[in-house]
Amino acid sequence: MQKKIKNQLLIIFGASGDLTKRKLIPAIYNLYSRGFLPENYGVVGVSRTKLSDEDFRKKVVFENEHLKKSNPSPEDLEKFAQLLYYQPIDTALPSDYGILVERLSEINERLDTGDHFTFYLSTPPSLYEIIAKNLSAYELNKPNGGWKRLIIEKPFGYDLDSAQKLNTELLKCFDEEQIYRIDHYLGKETVQNLFVMRFANSIFEPLWNRNFIHRVEITSSESVGVEKRGGYYDKSGALRDMVQNHLLQLVSLVAMEPPTKVDAEEIRNEKLKLFRSIRKMSPAAIRKNVIRGQYLSSNILGEEVKGYREEEGVDPDSRTETYVALKFFIDNWRWAGVPFYVRTGKKLPTRVSEVVIHFKPTHLPLFQNSTVMNSQNMLILRIQPNEGILLKVGLKVPGAGFEVKNANVDFLYSDMSDAYLPEAYERLLLDGMQGDATLYARGDSVEAAWEFITPILKAWEEDPDFPIFGYPAGTWGPENADDLIDGENMIWRYPCANLTNDGLYCEL
Ligand code: BG6
């Protein structure tokens, strides 16, 4: 059962930005329409742009096409808009925080929100430290009357040093218990189900280890390119943008030990242990086990598509990766010797995120027919789209003899007619406003993830000859990535948009 959110103000820094309109306001609206918001509640947008309360309401509610997906009635929109306020300030200017304090205390008093404030930083990361410092200079970090919390958007740091520095600075202003670091993958229902499926069933645990699992494969492919974010992306790249956070979070849920109970600290302790067990790679190992790529112009279904270097905001000589594939090991008793393969990329054939557990083959092949000679059981946990679970098993082809064929046993969320799959931000905001940090990243584990990633970034930086392979937009990335997977006849699973369509007909 969900707890109800306590009375509070949600204060969004960066409120005139894209995320507020695209994700945050629609998520808050859904919480509102599903009855999760308390009686005494308000949202205060803060940003440099000069807007009145009315302008803000118009921009993020009445003229917000992203909100339309929730089919709001005009009356609901009107009522919801009344929860929203706006205060322009220059967030980098300490003296402007006096204005903010006054406005917050006036709204707090009017709405009787008990001095409970959740601050949400959805600004450029360069402002995180400054805002935290200014909030603390005005004692907006102290539980004067009511609690104060700080939710921080990604990216959290640029490498290990910057993440450590950011943690140190934030911890001078807020306690770790007050800080909530967003990784929106953790807000996805199907990602949380990885944890539940592993630990709510007795049948998986005996198999979930080096004795039965041959390898683990995680893919997050996107068909879009960098769109309008070339300026940001060119300084980031796929490893920072997707692997350090989202994909390592998936790895941790697949590979962690069971926590002693379902509790933010216990779960995050286990994740930390797992991150620390990922083997760091030497420059030689990086050369062998990390493949990076960049999309080239191509023609997809008759449409000319730009290459990455031609995108707006991207350096025409850029060596930023839009694709990365890695092979690595987890040095603990459960996973010793089991390779983990992770890949992500932009401008790939389809948008799919999934985890594939490849089980070892039977000890002695009994049924010698060519279709299944090298096949193994596979458990596919589909994060998106066509969310569900697919188990591949060898079954008898009806008729004479013992011909074996791979068959699919599947479960799709869409078959649960009453299943409401909340958007990631909806769940994360709900938890954050309730003070539950289970689905937020803890400072030490963010640093542990950077400890694994930073040597790879360094190896690329220090070796100008480290190859970056071009791949035509709309293809599955550099062919060299196939060589990462060792084992006879073993390749990546090339997923289709539809979880079960992996036969001859594959819809992308
Ligand atoms: C974001 C990245 O964190 O995640 C984007 O910055 C990426 O580049 C996005 O497109 C993917 O999220 P999702 O939920 O669409 O898989």
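If you're wondering where the values come from, they're calculated on a predicted model, not measured in any experiment.

Novice: An account of the sheet that holds strand 6 (residues 179-181) is needed here, citing residue identities and associated values.
Specialist: Consider a sheet: its strands pair through backbone hydrogen bonds, and that pairing is either parallel or antiparallel. The parallel open sheet is built from six strands, whose spatial order is 3-2-1-4-5-6. With one partner strand each, in any of the chains shown, strand 3 (84-88) and strand 6 form the two edges of the open sheet. Ignoring which end each strand starts from, the neighbouring axes of this sheet average 20° apart. Looking at chain direction, strand 1 (residues 8-13) and strand 4 (residues 117-121) are connected through five bridges and run parallel. The partner of Ile 12 across the bridge, within strand 4, is Tyr 120.

Novice: Which residues make up the site of the ligand, and what values do they have?
Specialist: Looking at the ligand, the residues that line it are Lys 154, His 184, Tyr 185, Lys 188, Glu 222, Arg 229, Asp 241, Met 242, His 246, Lys 346, Arg 351 and Gln 384. Take Glu 222: an N or O atom from its side chain is 2.5 Å from an oxygen atom of the ligand. One of the side-chain nitrogen or oxygen atoms of His 246 is found 2.7 Å away from an oxygen atom of the ligand. Isolated, the ligand exposes 400 Å² of accessible area, and the fraction of that covered by the protein chains is 82%. Examining the composition of the shell around the ligand, we find that three residues originate from one element, helix 9 (residues 238-255), more than from any other.

Novice: Describe in detail empty space enclosed by the protein, supporting the description with residues and values.
Specialist: In this structure the tally under the stated criterion is three cavities of 30 Å³ or more. The space that makes up the largest cavity amounts to roughly 140 Å³. Considering the residues around the largest cavity, the lining is formed by 16 residues, among which Asp 183, Gln 244, Asn 245, Ala 441 and Val 446 are closest to the centre. Of the residues forming the lining of the largest cavity, the biggest block, four residues, is contributed by helix 13 (residues 443-462). Residue composition of the lining of the largest cavity, grouped by class: eight nonpolar, four polar and four charged. In this structure, the second largest cavity spans a volume of roughly 50 Å³.

Novice: Got a sec to walk through the sheet that holds strand 14 (residues 378-384)? Specific residues and values, please.
Specialist: One open sheet accounts for nine strands, arranged 16-15-14-13-7-12-11-8-17; its pairing is mixed. Two strands lie at the open edges of the sheet, namely strand 16 (404-412) and strand 17 (469-472), each paired on one side alone. Pairs of neighbouring strands in the sheet enclose a mean axial angle of 20°, with direction left out of account. Summarising the sheet, strand 11 (residues 323-328) and strand 12 (residues 340-345) pair through six bridges and their orientation is antiparallel. Residue Ala 325 lies in a different strand from strand 12, and its bridge partner there is Arg 343. Packing of helix 7 (residues 189-199) onto the sheet brings it into contact with strand 13 (352-359), strand 14 and strand 15 (388-396), and relative to strand 14 it is tilted by some 145°.

Novice: Lay out helix 5 (residues 128-137) with the relevant residues and their values.
Specialist: Helical geometry note: an α-helix holds 3.6 residues per turn, so side chains three or four residues apart project in the same direction. The buried fraction of helix 5 is high, at seven of 10 residues. Of all the positions in helix 5, only Tyr 128, Glu 129, Ile 131, Ala 132, Asn 134, Leu 135 and Ser 136 are classed as buried. Packing partners of the buried residues in helix 5 comprise strand 1, helix 4 (96-111), strand 4, strand 5 (148-152) and helix 6 (160-173). Looking one or two places after helix 5, you find Glu 139, whose phi comes out positive at around 60°.

Novice: How would you explain the environment of Arg 215 if you had to name every residue and give the values?
Specialist: Secondary-structure assignment places Arg 215 in strand 7 (residues 213-221). In the structure, Arg 215 is positioned 191 residues away from Asn 406 in sequence and 19 Å away in space, judged by C-alpha atoms. Each residue touching Arg 215, except ones within four places of it in the same chain, is listed here: Val 338, Pro 339, Tyr 341, Val 356, Ile 357, His 358, Gln 376, Ile 485, Met 490 and Ile 491. Of note is the side chain of Arg 215, whose polar atom sits 3.2 Å from the side chain of His 214.

Novice: Would you mind going over the packing of helix 6 against helix 13 in detail, with residue names and values included?
Specialist: A packed helix pair is summarised by two numbers, namely the angle formed by the two axes and the spacing between the axes. It is at 9 Å that the axes of helix 6 and helix 13 come closest, and there the two elements cross at 165°. Classed by the angle they form, the pair helix 6 and helix 13 counts as roughly antiparallel. Considering how the two elements wind past one another, helix 6 and helix 13 form a crossing that is left-handed. Contact residues: Leu 160, Ala 163, Gln 164 and Asn 167 in helix 6; Gly 443, Glu 447, Trp 450, Glu 451 and Thr 454 in helix 13. Class assignment for the residues of the contact of helix 6 with helix 13 results in three nonpolar, four polar and two charged.

Rules used throughout
Residues numbered from 1 in each chain as written. Predicted model: local features only at pLDDT ≥ 70, side-chain atom pairs only at ≥ 80, totals over all residues. Heavy atoms only, no water. Pairing = 2+ DSSP bridges. Helix = DSSP H or I, 4+ residues; strand = E, 2+ residues; numbered from the N terminus. Axes fitted to C-alpha atoms, helices over the stretch in contact; angles between N-to-C directions. Near = heavy atom within 4 Å. Polar contact = N/O pair within 3.5 Å; in protein donor to acceptor, adjacent residues only side chain to side chain. Areas by Shrake-Rupley, 256 points an atom, 1.4 Å probe, with all protein chains shown as cover. 1 Å grid on protein atoms, 1.4 Å probe; cavity = no way out; pocket = protein on both sides within 12 Å on 5 of 7 lines; lining within 4 Å. Points joined across faces, edges and corners; volume = space filled by probe spheres on them. Nonpolar A, V, L, I, M, F, W, Y, C, P; charged D, E, K, R; others polar. Contact = heavy atoms within 4.5 Å. Buried < 20%, exposed > 50% of the residue type's maximum accessible area, 1.4 Å probe, protein only. Parallel < 35°, antiparallel > 145°, perpendicular 65-115°, else oblique. Left-handed = near helix turned anticlockwise from the far one by under 90°.

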